Amino acid sequence: MIELHDLTKDYKTTLAVDRLNLHVRAGEIYGFIGPNGAGKTTTIRMMGGIIEPTSGAISIGGIDLRKDPVAAKKMIGFVPDRPFLYEKLTGSEFLRFIADLYAVAPRTAARRAEELLRQFALWNWGNEIIESYSHGMKQRLIIAAALLHDPKVMIIDEPMVGLDPEAVRQVRDILKELAKQNVTVFVSTHTLSLAEDLCDRIGVISKGTLLAEGTVAELNRAAKTGNAGLEDVFLTLVREG
Ligand SMILES: Nc1ncnc2c1ncn2[C@@H]1O[C@H](COP(=O)(O)OP(=O)(O)O)[C@@H](O)[C@H]1O
Ligand SMILES: [Mg+2]
């Protein structure tokens, strides 16, 4: 469902992503972990069509992002690391606005918005302005907005930053539920315990290069760390670079 082929981003001052190759299957939750500055956000911005790769290719659901960006982007629900919300709008108004941007038919949009607000425990807050929402509620609304057009692929950059444990669990459950509905989830995160619990496979990136990928057991084999938890495996892989 997601294929990155020799994906590279050279900011000239920094080679942020260096010939990255990666495949994610339909319905899989793929975790993308790495230290600060590893190139996660740069990769995700290229996948969302926000910035142009220096070289290499991205295909989403078999569609080449460069050749047919509109069709590829229709497949994607995109949640950036610093999402923008019009906080003077109510949750419902915001969803209507995003549905318009994605050209979702008004009737479909209204039904979908109600479904998502209910599913994400925001229904009672739909008519309140976003300014009054907690951080966790804002994050759930952003994810809801990214799902309005029924994407096949969800790409999320650091969805857990600043959330309290309860909100982390809610977001985790949302992502698990998506995967059950056969949505492919690509998520970057710093929260390793969560990655371990949530993800089918994990890719470890450092200095723009994929160091290892697989299940936690497979990563353990790559790092020769026996039966360690993801945190030890991660630190070993990154240290040995
Ligand atoms: N717009 C930019 N111009 C120049 N360098 C950048 C830019 N954006 C990110 N970088 C650099 O690219 C590297 C990767 O950054 P980033 O993709 O944000 O990493 P991560 O999300 O893993 O923390 C870092 O060294 C960062 O300083
Ligand atoms: Mg980042």
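1. Things to note about the overall build of the protein
Across its full length, the protein carries nine helices and 10 strands. The globule rule puts the C-alpha radius of gyration for 241 residues at 18 Å, and the 18 Å found for the protein is close to it. Taking all 241 residues of the protein together, 43% fall into the buried category. The contacts of the protein with a sequence gap of at least 6 include a subset with a gap of at least 24, amounting to 67%.

2. Notes on the environment of P53
On the secondary structure map, P53 appears in the loop between α1 (40-47) and β4 (55-60). For P53, a count of 23 C-beta atoms within 10 Å translates into the label buried. Spatially, the C-alpha atom of P53 lies 5.9 Å from that of T8, the residues being 45 residues apart in sequence. Sequence-distant contacts of P53, defined by excluding residues within four places in its chain, comprise L7, T8, K9 and M46.

3. Observations concerning the environment of I76
Secondary-structure assignment places I76 in strand β6 (residues 76-79). Taking the number of C-beta atoms within 10 Å as the measure of exposure, I76 has 22 and is therefore buried. The sequence separation of I76 and V153 amounts to 77 residues, and the corresponding C-alpha distance is 4.9 Å.

4. Topic: the packing of helix α8 (residues 216-223) against helix α9 (residues 230-240)
In contact at an axis separation of 10 Å, α8 and α9 are set at 35° when each is read in the N-to-C sense. Judged by the sense of rotation from one axis to the other, the crossing of α8 with α9 is left-handed. Contacts from V216, L219, N220 and A223 in α8 reach L230, V233, T236 and L237 in α9. Taken together, the residues of the contact of α8 with α9 sort by class into six nonpolar, two polar and no charged.

5. Focus on unusual backbone geometry
A positive phi is found at A103, a non-glycine position, where the angle reads about 55°. By secondary structure assignment, the location of A103 is in the loop between α3 (91-101) and α4 (106-119).

6. As for α9
Along α9, the residues classified as buried are L230, V233, F234 and L237. In a view along the axis of α9, the buried residues occupy a sector of 100°, so they form one face of it. Of the exposed residues in α9, those oriented more than 90 degrees away from the buried face are E231, R239 and E240. Once α9 ends, the next one or two residues include G241, with phi positive near 50°.

7. Comments concerning the sheet that holds β4
A sheet is described by the order of its strands in space; here four strands give the open sequence β2-β1-β4-β5, paired in antiparallel fashion. Edge strands, defined here as strands with exactly one partner in the open sheet, are β2 (15-24) and β5 (63-64). The sheet contact formed by strand β1 (residues 2-10) and β2 spans six bridges and is antiparallel. Opposite D10, over in β2, you have L15 as the bridge partner.

8. Quick notes on the domain arrangement of the protein
Taken domain by domain, the protein consists of domain 1 (1-75 + 153-164 + 179-241) and domain 2 (82-150). Here the C-alpha centroids of domain 1 and domain 2 sit 26 Å apart. Facing the six residues of domain 1 at the interface are five residues of domain 2. Looking at side-chain class alone, the side of domain 1 that touches domain 2 contains three nonpolar, one polar and two charged residues.

9. Focus: the site of ligand 1
Taken together, Y11, T13, T14, A16, G34, N36, G37, A38, G39, K40, T41 and T42 make up all the residues around ligand 1. If you tally residues by element for the shell around ligand 1, the top one is α1, at three residues. A per-class count over the shell around ligand 1 returns three nonpolar, eight polar and one charged.

10. What to know about α4
Relative to the 20 Å expected for 14 residues at 1.5 Å per residue, α4 spans 20 Å between its end C-alpha atoms, a close match to the ideal helical length. Where α4 is concerned, the buried positions are A109, A113, L116 and L117. When α4 is viewed along its axis, its buried side chains cluster within an angular range of 95° and face the same direction. Away from the buried face of α4 by more than 90 degrees, exposed residues R107, R111 and R118 are located. Buried positions along α4 lie against α3 and α5 (135-147). Of the residues trailing α4, A121 is marked for its positive phi of about 55°.

Calculation notes
Every chain is numbered independently, its residues counted from 1 as its sequence is written. The order in which chains are written sets their letters, starting at A; the order in which ligands are written sets their numbers, starting at 1. Note on the predicted model: pLDDT of at least 70 is required for a residue's local features to be given, and 80 or more for side-chain atom pairs to be given and counted; whole-chain, interface and lining totals, by contrast, use all residues. Helix and strand labels come from DSSP, where a helix needs a run of H or I of at least four residues and a strand needs a run of E of at least two; each type is numbered from the N terminus. Radius of gyration: C-alpha atoms only; globule rule: 2.2 Å multiplied by the number of residues to the exponent 0.38. Think of it as a crowd count around each C-beta: if 20 or more other C-beta atoms lie within 10 Å the residue is buried, if 12 or fewer it is exposed, and in between it is partly exposed, with C-beta placed from the backbone throughout. By the convention adopted here, residues make contact when the C-beta atoms placed from their backbones lie within 7 Å. Note on definitions: angles span 0 to 180 degrees between N-to-C directions of axes, and those axes are lines fitted to C-alpha atoms, for helices only across the stretch in contact. Crossing chirality is assigned from the near helix's rotation relative to the far helix, an anticlockwise turn below a right angle marking it left-handed and a clockwise turn marking it right-handed. Classification convention: Asp, Glu, Lys, Arg as charged; Ala, Val, Leu, Ile, Met, Phe, Trp, Tyr, Cys, Pro as nonpolar; all other residues, Gly among them, as polar. Each direction from the helix axis to a C-beta atom contributes to the arc, which is the arc of those directions. Pairing between strands requires that DSSP locate at least two bridges from one strand to the other. An automatic or database domain assignment is the source of the domain bounds shown. Each residue receives a C-beta atom built from its backbone; the residue is near a molecule or strand if that atom lies within 6 Å of it. Multiplying 1.5 Å by the helix residue count minus one yields the expected span of that helix.

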